[in-house]
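# Structural overview
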Amino acid sequence: MKQRLYAGQQLRTLRRIAGLNQRAMAARLGLSVSYLSQLEGDERPLTAAVTAALAQHFPAALAGIEGEAPARRLAALAHALADPAVAPMPADEIARLAEERPDLADRLIALHAAKRATEERVALAEEAMTAGVGGVGGRLPWEAVRDWFHDAGNYVDGLDRAAEALAGDPAATLRGHGVAIAADNDEDAPLARFDGATLTLNAALPVESRNFLIAHRLAAIAFAEPIAAIVAAAPLTQPQARRLLSIGLANYAAGALVMPYRAFRAEARRVRHDIDRLSRRFGVSFEQACHRLSTLQRPGEEGIPFYFCRVDMAGNITKRHSATRLQFARFGGACPLWHVHEAVAIPDRILVQHAETPDGVRYVSMAKGLVKPSGRFARAPRRYAVALGCEATHAADFVYADAADARGAATPIGISCRLCPRTDCDQRAFPPTDRAIAVEGEVRGVVPYRVV
């Protein structure tokens, strides 16, 4: 018989670290405030249902309470059985299954991992074939590096921790490495130029971009060895891809320098992930703050799982990462019902959307159109939009969800038209690649065919 487990002190510590009061913590775990208070006062032991809730929201913390292996198994099993393709299972039954039949739980976890891997490979192959890029082997260097970061979970632990330890004044630290910083008033000058002794920045850059480029150069110098080791171990065959990965890792470390992990995560939770407030607090751009939120996946100190992307005026996804179940199309355009496309045309206005993907998962997201001035009339400014979203279960911690009814009707979105299984969408640009169509001349809808 399993010994009853009291964990009041651990629960109080966990709640304080997460920056939650008892009401917010109780809502996160699906408990009443009085019940949580009893748990924290060691008046009640942890039940299977409470343990399952902790596994879902605080898996690393549960490991410290129950033990590493059982907690990880329970968290992985809860994640696998949350797949919309699986019939819902009560939390206490999931916890009981993990405890009483660990062998069966491990097999279910492995099956789910294999299912997700197969789905990703099939989606990638279908997109590649329909886009005419010749399959996985035909990836361009930029796409290969983008996929490397995706596979890494957009979090590089060694670099992140090293940057956090070095955080401070990047300009002063860079000068300490013997590098001078200068400005170039030539409007046609590159954003940055480094000759080994002097970092020259375009004088027209906004202060956020200037600070980031200084941090990038500092990271490239201070972390040259770990970056080289990561690149050497990466499964990239093209020289251009390896060089791009090196630059990308320095960019990653630059973000960690100006937005140190623990300080940024704590402030993000305090302001409920309000991007404007985070931008002011850390002196970064709106896009930089969004991107950094998508990297907060340090084991034991995870942030909310977000997806993040940047979309240009033509609908191309130029940056993408998802720590959620939503995955972006690697080739071609995104769903036309996604609010990020509208945001591109409306700069400096935040749009909020409550959406549902074909697998039944609901998301709350914000999108904002941004404009980067070119510095002169003859050259068009860069216009694009960024989007940041999370699953609707995290709505209470995402300030933008206040503008969306996460319980009402949701906009039905897909990954892309070629991969979307919906048969009743009148916004389609193409039929799905795996379904037949019927063309009926006597009946005409908005789309001139019917998916069968």
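These notes cover the structure that comes with them. (Residues numbered from 1 in each chain as written. Predicted model: local features only at pLDDT ≥ 70, side-chain atom pairs only at ≥ 80, totals over all residues. Heavy atoms only, no water.)

### A closer look at the pairing of strand β7 (residues 362-372)
The buried count for β7 comes to eight of 11 residues, which makes it a mostly enclosed element. Here strand β6 (residues 350-356) hands over to β7 after five residues, with Gly 360 in that stretch at a positive phi of 90°. Across 10 bridges, β7 lies against strand β8 (residues 382-391) in antiparallel orientation. Paired with Ala 367 across the two strands is Ala 387, which belongs to β8. (Buried < 20%, exposed > 50% of the residue type's maximum accessible area, 1.4 Å probe, protein only. Helix = DSSP H or I, 4+ residues; strand = E, 2+ residues; numbered from the N terminus. Pairing = 2+ DSSP bridges.)

### Thoughts on helix α17 (residues 286-293)
The buried count for α17 comes to seven of eight residues, which makes it a mostly enclosed element. Among the residues making up α17, those that are buried are Phe 286, Glu 287, Gln 288, Ala 289, Cys 290, Arg 292 and Leu 293.

### Quick word on helix α9 (residues 141-151)
Burial of α9 is extensive: nine of the 11 residues sit out of reach of the surface. What α9 keeps buried is the set Pro 141, Glu 143, Ala 144, Val 145, Arg 146, Asp 147, Trp 148, Phe 149 and His 150. The first or second residue beyond α9 is Gly 153, which carries a positive phi of 75°.

### Observations concerning the pattern of salt bridges
The tally for this structure, following the rule as stated, stands at 18 salt bridges. Of the charged contacts, one joins Glu 164 and Arg 298 as a salt bridge, the two residues approaching to 3.0 Å between their closest N and O atoms. With Glu 164 in helix α10 (residues 157-166) and Arg 298 in the loop between α17 and β4 (306-312), this pair connects stretches of sequence that are 134 residues apart. When sorted by exposure, Glu 164 lands in the same class as Arg 298, which is buried. The closest approach of N and O atoms between Glu 287 and Lys 319, which form a salt bridge, is 2.9 Å. Linking Glu 287 in helix α17 with Lys 319 in strand β5 (residues 317-322), this pair joins segments that are 32 residues apart in sequence. The partly exposed category is assigned to Lys 319, whose relative accessible area is 24%. What you see here is one network of salt bridges that share partners, running through Asp 160, Glu 164, Arg 262, Arg 292, Arg 298 and Glu 301. (Salt bridge = Lys/Arg side-chain N within 4 Å of Asp/Glu carboxyl O.)

### Section: the packing of aromatic side chains
Tallied over the full model, the rule gives seven aromatic pairs. Ring geometry for Tyr 155 versus Tyr 261: centroids 6.0 Å apart, planes at 70°, classification edge-to-face. Here Tyr 155, found in the loop between α9 and α10, pairs with Tyr 261, found in helix α15 (residues 261-270); they are 106 residues apart in sequence, far enough to count as distant. The same class applies to Tyr 155 as to Tyr 261, namely buried. One aromatic cluster in this structure is built from Phe 306, Phe 398 and Tyr 400. (Phe/Tyr/Trp six-rings, centres within 6.5 Å; stacked < 30°, edge-to-face > 60°.)

### Examining the pairing of β4
For β4, a buried count of six out of seven residues is recorded, marking the element as mostly surrounded by other parts of the structure. Across seven bridges, β4 lies against β8 in antiparallel orientation. Of the residues in β8, the one forming a bridge with Asp 312 is Tyr 384. In the sheet, β4 pairs with β5 via five bridges, with the strands oriented antiparallel. Its bridge partner being in β5, Arg 310 is matched across the sheet by Lys 319.

### Some thoughts on the sheet that holds β6
Taking strand neighbours across the sheet as the criterion, the six strands line up as β5-β4-β8-β7-β6-β9 in an open arrangement whose pairing is mixed. The outermost strands of the open sheet, each flanked by one partner alone, are β5 and β9 (411-412). Running at roughly 30° to β8, α17 makes contact with β4, β5, β6, β7 and β8 of the sheet. (Contact = heavy atoms within 4.5 Å. Axes fitted to C-alpha atoms, helices over the stretch in contact; angles between N-to-C directions.)

### Things to note about the nonpolar core
Membership of the largest hydrophobic core comes to 64 residues, with the highest contact counts inside it found for Leu 245, Leu 249, Leu 293 and Leu 388. When residues of this core are assigned to their parent elements, the largest contribution, 10 residues, is made by helix α14 (residues 239-258). Core analysis: the second largest hydrophobic core is formed by 20 residues, Ile 317, Ala 334, Tyr 363 and Ala 385 among them. (Core = buried A, V, L, I, M, F, W, Y, C linked by side-chain atoms within 4.5 Å.)

### Points about the environment of Thr 200
Structurally, the position occupied by Thr 200 is in strand β3 (residues 198-202). Sequence separation between Thr 200 and Ala 189 is 11 residues; the distance between their C-alpha atoms is 9.5 Å. Contacts of Thr 200, omitting those with residues within four sequence positions, involve Ala 182, Ala 183, Asp 184, Leu 191, Ala 192 and Arg 193.

### Topic: the environment of Asp 359
Relative to the helices and strands, Asp 359 is located in the loop between β6 and β7. Residue classification places Asp 359 among the partly exposed positions, given a relative accessible area of 34%. Sequence separation between Asp 359 and Gly 414 is 55 residues; the distance between their C-alpha atoms is 9.2 Å. In this structure the side chain of Asp 359 is engaged in a polar contact, spanning 2.5 Å, whose partner is the side chain of Thr 357. (Polar contact = N/O pair within 3.5 Å; in protein donor to acceptor, adjacent residues only side chain to side chain.)

### Here we look at the sheet that holds strand β2 (residues 192-194)
Read from one edge to the other, the open sheet built from three strands follows the order β1-β3-β2, with strand pairing classed as mixed. Both outer strands of the open sheet, β1 (180-184) and β2, are each paired with one neighbouring strand and no more. On average, adjacent strands in this sheet sit at an angle of 20° to one another, irrespective of strand direction. In terms of strand pairing, β1 meets β3 through five bridges, oriented parallel.

### A look at the side chain of Gln 288
By secondary structure assignment, the location of Gln 288 is in helix α17. For Gln 288, the side chain forms a polar contact with the main-chain nitrogen of Ser 285, separated by 3.0 Å. Beyond its immediate stretch of four places on either side in the chain, Gln 288 contacts Glu 208, Ser 209, Phe 212 and Met 259.

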